[in-house]
Amino acid sequence: MILVTGGLGFIGSHTVVELQQQGHEVLIVDDLSNASLSVLDGITAITKSRPKFLQLDLKDKCGVAQMFSKYPEIKGIIHFAASKAVGESMEKPLQYYENNIVPLINLLYELGKKEKSCLIFSSSCTVYGQAMEMPITEEAPVQKALSPYGNTKQMGEDIITDFAKVSTMDAILLRYFNPIGAHETAYIGELPNGVPQNLIPYITQTAVGKRKELSVFGQDYQTPDGTCIRDYIHVVDLAKAHVKALERLLLKKNIEKVECFNIGTGKGTSVLEIIKTFEKTTGVVLNYKIVERREGDVMEAYASTTKANKMLGWKAELSLEEALNSAWMWEKSLNK
Ligand code: WQD
């Protein structure tokens, strides 16, 4: 059995679908603080097999211990559960440190009691800050985090690395670039809380008329069209990377106890290019205006995918157009 924490979230739910479709038995744990139970119906509609579900706050150490005694067959964890809004973490640092670190420690205590176990950790390219060289490799230096959110990802990686040295747990750290899009069925997708912080949900909500216009945060960067460049990866490709990473550990193919992979497409796309591609793909004209830069944004970030290709046997396959179109189909399904 594979425990998926935060399994009703955006990336978690898409990963549960791919796990089930590869024959894995899944237990989802979610505290429903940033997800709804309806996502479980969406997953079931896709895979025709309802995953086991437990509502639990992973900060509750006893609750976590009880879960592991109830499900001794848990052999691996994919740990998504965390707060993830960069801006919000600046205003609520203590909540971010508590919610993103305490659950990880509670989970590691339980994994440490097992003969053998594996952990896939949801990390982020945020740990690189503004990397000096593009594409960004896993050897790029981790820079001082610009936000408590980014710091919790760096701390999480360090805690896992230190614990793996003294336990029978092996781990893989996946550093995501920018996950976008939705499942082709439009049964699951991104459900931002309130005003979307991220570019793609803001675009689709503007396109559907929920937002008046998109603000483009700065057009004076040293990039070809002046707007920031990111590596936008289809969430289904990202989900498949988790299954590959998990199976690498289950089959004991890992070379080191803790391995780290950048998960992106290897291609950089600017904000204005995203807007143009969205308009071309969907036929919708987007209302937008250029405004001031957003504090904390890096100018450019896109992944070197060589290590993930070679060692995970994984490569992003879905196009940017497919990702943007699926995000649009999902947005329309929410506003039916
Ligand atoms: C992308 C680009 C913005 C919104 C963050 C986190 C990262 C991960 C993904 C959790 C930037 C521009 C955005 C808008 C805009 N989160 N933008 N108008 O900041 O690259 O990454 O989300 O794991 O850790 O750092 O993603 O989608 O917020 O921004 O112009 O309304 O779009 O300036 O250049 P980001 P994003």
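Residues numbered from 1 in each chain as written. Predicted model: local features only at pLDDT ≥ 70, side-chain atom pairs only at ≥ 80, totals over all residues. Heavy atoms only, no water.

Caption draft 1: Summary view of the overall build of the protein. When helices and strands are tallied, the protein shows 11 helices and 13 strands. Its C-alpha atoms give the protein a radius of gyration of 19 Å, near enough to 20 Å, the size a compact globule of 336 residues would have. Taking the principal axes of the C-alpha coordinates as reference, the protein spans close to 55 × 45 × 40 Å. Residues classed as buried in the protein amount to 54% of the 336 residues present. Summarising the internal contacts of the protein: among those between residues at least 6 apart in sequence, 80% fall at separations of at least 24. For the protein, the exposed area adds up to about 15,200 Å²; of that, 52% sits on carbon and sulfur atoms. Across the protein, the centroid of the 37 positively charged side chains sits 3 Å from that of the 40 negatively charged ones. (Helix = DSSP H or I, 4+ residues; strand = E, 2+ residues; numbered from the N terminus. Rg over C-alpha atoms; globule rule 2.2 N^0.38 Å. Buried < 20%, exposed > 50% of the residue type's maximum accessible area, 1.4 Å probe, protein only. Contact = heavy atoms within 4.5 Å. Areas by Shrake-Rupley, 256 points an atom, 1.4 Å probe, with all protein chains shown as cover. Lys, Arg positive; Asp, Glu negative; His and termini not counted. Charge placed at Lys NZ, Arg CZ, Asp CG, Glu CD.)

Caption draft 2: Representation of the site of the ligand. In the vicinity of the ligand there are 19 residues, among which Thr 126, Tyr 149, Ser 215, Arg 230 and Asp 297 approach most closely. Ser 124 is positioned with one of its side-chain polar atoms (N or O) 3.0 Å from an oxygen atom of the ligand. Between Asn 198 and the ligand, the recorded distance is 3.0 Å, taken from a side-chain N or O atom to an oxygen atom. Look at the ligand: alone it shows 690 Å² of surface, and the protein chains cover 89% of it. Here the residues of the shell around the ligand sort into nine nonpolar, six polar and four charged. (Near = heavy atom within 4 Å. Polar contact = N/O pair within 3.5 Å; in protein donor to acceptor, adjacent residues only side chain to side chain. Nonpolar A, V, L, I, M, F, W, Y, C, P; charged D, E, K, R; others polar.)

Caption draft 3: Structural view of the pattern of salt bridges. Counted under the stated rule, the structure contains 15 salt bridges. One salt bridge connects Asp 41 with Arg 50, and the closest N-O pair in it is separated by 3.1 Å. Overall, Asp 41 belongs to the partly exposed group, its relative accessible area being 41%. What you see here is one network of salt bridges that share partners, running through Lys 116, Asp 170 and Lys 257. (Salt bridge = Lys/Arg side-chain N within 4 Å of Asp/Glu carboxyl O.)

Caption draft 4: Here's a closer look at the packing of helix H1 (residues 10–21) against helix H2 (residues 38–47). Their axes nearest at 10 Å, the elements H1 and H2 cross at an angle of 30°. The orientation of H1 with respect to H2, classified from their angle, is roughly parallel. When the axes of H1 and H2 are compared, the crossing they make is right-handed. Taking contact as the criterion, the partners of Ser 13, Val 16, Val 17, Gln 20 and Gln 21 in H1 are, on H2, Val 39, Ile 43, Ile 46 and Thr 47. Here the contact of H1 with H2 is built from residues that sort into five nonpolar, four polar and no charged. (Axes fitted to C-alpha atoms, helices over the stretch in contact; angles between N-to-C directions. Parallel < 35°, antiparallel > 145°, perpendicular 65-115°, else oblique. Left-handed = near helix turned anticlockwise from the far one by under 90°.)

Caption draft 5: Representation of the packing of aromatic side chains within the structure. Inspection of the entire model under this criterion finds one aromatic pair. Their ring planes at 80° and their centres at 5.9 Å tell us that Phe 278 and Trp 328 sit as a pair that is edge-to-face. Pair noted here: Phe 278 is in helix H9 (residues 271–282) and Trp 328 is in helix H11 (residues 320–334), with a separation of 50 residues, a long-range link. Each member of the pair, Phe 278 as well as Trp 328, is classed as buried. Geometry around Tyr 221 places Arg 293 over its ring, the cationic atom sitting 3.9 Å from the centre. (Phe/Tyr/Trp six-rings, centres within 6.5 Å; stacked < 30°, edge-to-face > 60°. Lys NZ or Arg CZ within 6 Å of the ring centre and 35° of its normal.)

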